[in-house]
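Chain residues, written in single-letter form:
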Amino acid sequence: MNIEQLYKLFLKYPSVSTDTRKISKNDLYFALKGDNFNGNAFIKQALENGASYCIIDEEEFAINKQCILVEDVLTTLQKLASYHRKYLNLPIIALTGSNGKTTTKELIHAVLSKKYNTSATIGNLNNHIGVPLTLLKMNKNTEIGIVEMGANHKKEIEFLCNITFPDYGLITNFGKAHLEGFGSVEGVIEGKSELYNHLIEHNKTIFVNSNDSLQLEKSQGANTFTFGQQKTDDVEIYFKRAQPNVTVSLNNIEIRSQLIGEYNFNNIAIAIAIGTFFKIDKALIKEAIENYTPKNNRSQIVEKGTIKIILDAYNANPSSMTVALQNFGKLEAKNKIAILGDMFELGTEANKEHITIAKLANSLNISKVIYIGENFHHAIHTNNETYKTFNEFKEQFHIKNLENATLLIKGSRGMALERILELL
């Protein structure tokens, strides 16, 4: 069965699943493979759970006519998504960056939804599987699509662009993330800039932060819509304060977000700029930004009795850890305690980057810093409270001297530091 024929089937059964445990009646089941699983082996379960058809790539599992054999299931899923995107022919905004992608995507979605039927990446489904699934959730009623793109090596963003064919795009920032895959910060810049290269090549539009000289450099020759604090910008947005929530100014309209940290100013500014570009009333932009509440362990404020917790435990890299600590150091609060977990995927730079973060943390206006994880444990030796594993920390942790404390909890996803909340 070719893509055109499969697409006709998709139009009849426009819901796709890759997990037999989550199949709804009449879903198309794509039997993907991974290092530790083979989706082909779950065909019987998929059909029993209500799948209309199963797309497989191993003939031995074809148990009836509801099984459609293709050469490669993942490639077929990607081709189907690209075909669907071209069929819908709707404007799509793509975004990538080292930090803040998901928060920025959620803010853009909140703003655009005030005027348009908008469909956006769910959670962080931003890779070679998540992007196709995001596209396939869009339909003829979708007026604007928002696609988040993640990458941990070069050519990945380029690949995702060739599936998505975005009309607009932005890079939140360039930072020290996934150094193990990209090889260096220069590799990160080159990899993320593949989005701009694609947009320039196809004469599309880039949203550019005029305060970022690297962004200006990488978007040269493009159709741009700029935002920043220059009179020449297409939209002027000013940072007001972050104690702890970020407040910005747009045409003398003060917008008070529920996001903490100066580092979220850029994310908010992007959403405001895109809302302005798509001609959304400023009052509605203000309403959308002010009503957006962070979740999923991203810059969340959690209160436990007299303890205020800044829970930023979804992920971490040297760039995001640096700005989070700098912001924490500036907070007007007493008894500030930072609990930091290891940063992953740093390759040969791991030891150096963990030492750098520890030096920074110890130099700031922070009462106490606690480090958890093997990387921090090996990198730091004296005058610091370190724990090699979370369990070691858990066994020795005591809720003392925490009354009226403000905690920053930040670490890579694999550290799962949100578990600390259970100890409070």
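By convention here, each chain's residues receive numbers from 1 onward along its written sequence. Totals for whole chains, interfaces and linings use every residue, but because this is a predicted model, local features are given only for residues with pLDDT of at least 70 and side-chain atom pairs only at 80 or more, for both listing and counting. Only hydrogens and water are set aside when side-chain values are computed; all heavy atoms of the structure are taken into account.

Peer 1: Which residues make up the side chain of Thr-103, and what are the values?
Peer 2: Among the structural elements, Thr-103 can be located in helix H4 (residues 101-112). In what follows, residue pairs with any heavy atoms lying within 4.5 Å of each other are defined as contacts. Those residues within four positions of Thr-103 in sequence are excluded, and the remaining contacts are Leu-259, Asn-264, Asn-267, Tyr-292 and Arg-298. Strands are runs of DSSP state E lasting at least two residues, helices are runs of H or I lasting at least four, and both sets are numbered from the N terminus onward.

Peer 1: Outline the UniProt feature "domain: Mur ligase central" (unreviewed entry) in the protein, listing residues and values.
Peer 2: UniProt positions are given in the numbering used here, feature names are shortened, and annotations may be inferred rather than shown by experiment. As recorded in UniProt, the feature "domain: Mur ligase central" (unreviewed entry) lies at residues 96-274. Taken end to end, residues 96-274 has its terminal C-alpha atoms 15 Å apart, with 36% of it in helix and 26% in strand.

Peer 1: Explain the sheet that holds strand S18 (residues 385-387) residue by residue, including any values.
Peer 2: Strand order in the open sheet formed by six strands is S14-S15-S19-S16-S17-S18, with mixed pairing between adjacent strands. At either end of the open sheet lies a strand with only one pairing partner, and these are strand S14 (300-304) and S18. When the angles between neighbouring strand axes are averaged without regard to direction, this sheet yields 20°. Strand pairing is assigned whenever DSSP identifies at least 2 bridges connecting the two strands. The pairing of strand S16 (residues 336-341) with strand S17 (residues 368-372) spans five bridges and is parallel. What sits directly across from Gly-341, in S17, is Ile-372. In the packing of helix H13 (residues 318-330) onto the sheet, the strands contacted are strand S15 (307-312), S16 and strand S19 (406-410), and the crossing angle to S16 comes to about 170°. In the packing of helix H14 (residues 350-363) onto the sheet, contacts are made with S16 and S17, and the angle to S17 comes to roughly 160°. For helices, the axis comes from a line fit to the C-alpha atoms of the stretch in contact; other axes are also lines fit to C-alpha atoms, and the angle between any two N-to-C directions lies between 0 and 180 degrees.

Peer 1: Residue-level account of the packing of aromatic side chains, with values.
Peer 2: Classification of ring pairs uses Phe, Tyr and Trp, with its six-membered ring standing for Trp, and accepts pairs whose centres are within 6.5 Å; under 30 degrees between planes counts as stacked, over 60 as edge-to-face, and the remaining range as tilted. Overall, the coordinates contain 17 aromatic pairs when judged by the stated rule. For the ring pair Tyr-168 and Phe-277, a centre distance of 5.4 Å and an interplane angle of 70° mean the geometry is edge-to-face. Taken together, the residues Tyr-168 in strand S8 (residues 168-171) and Phe-277 in helix H11 (residues 264-277) connect sequence positions 109 residues apart. The cut-offs for exposure are 20% and 50% of the maximum accessible area for each residue type, with area from a 1.4 Å probe on protein chains only; residues under the lower value are buried, those over the upper are exposed, and the others partly exposed. Classification of Phe-277 by relative accessible area gives partly exposed; the value is 26%. Relative to Phe-397, the ring of Phe-393 has its centre 5.1 Å away and its plane inclined at 40°; by these criteria the two rings are tilted. The class for Phe-393 is buried, based on a relative accessible area of 1%. Members of the aromatic cluster, connected to one another through ring pairs, are Tyr-116, Tyr-168, Phe-207, Phe-225, Phe-277 and Phe-278. Throughout this description, the term charge over a ring refers to an Arg CZ or Lys NZ atom that lies within 6 Å of the ring centre and within 35 degrees of the ring normal. Lying over the aromatic face of Phe-328, Lys-336 brings its terminal NZ or CZ to 5.9 Å of the ring centre. Just above the ring of Phe-390 sits the side chain of Arg-419; from NZ or CZ to the centre is 3.9 Å.

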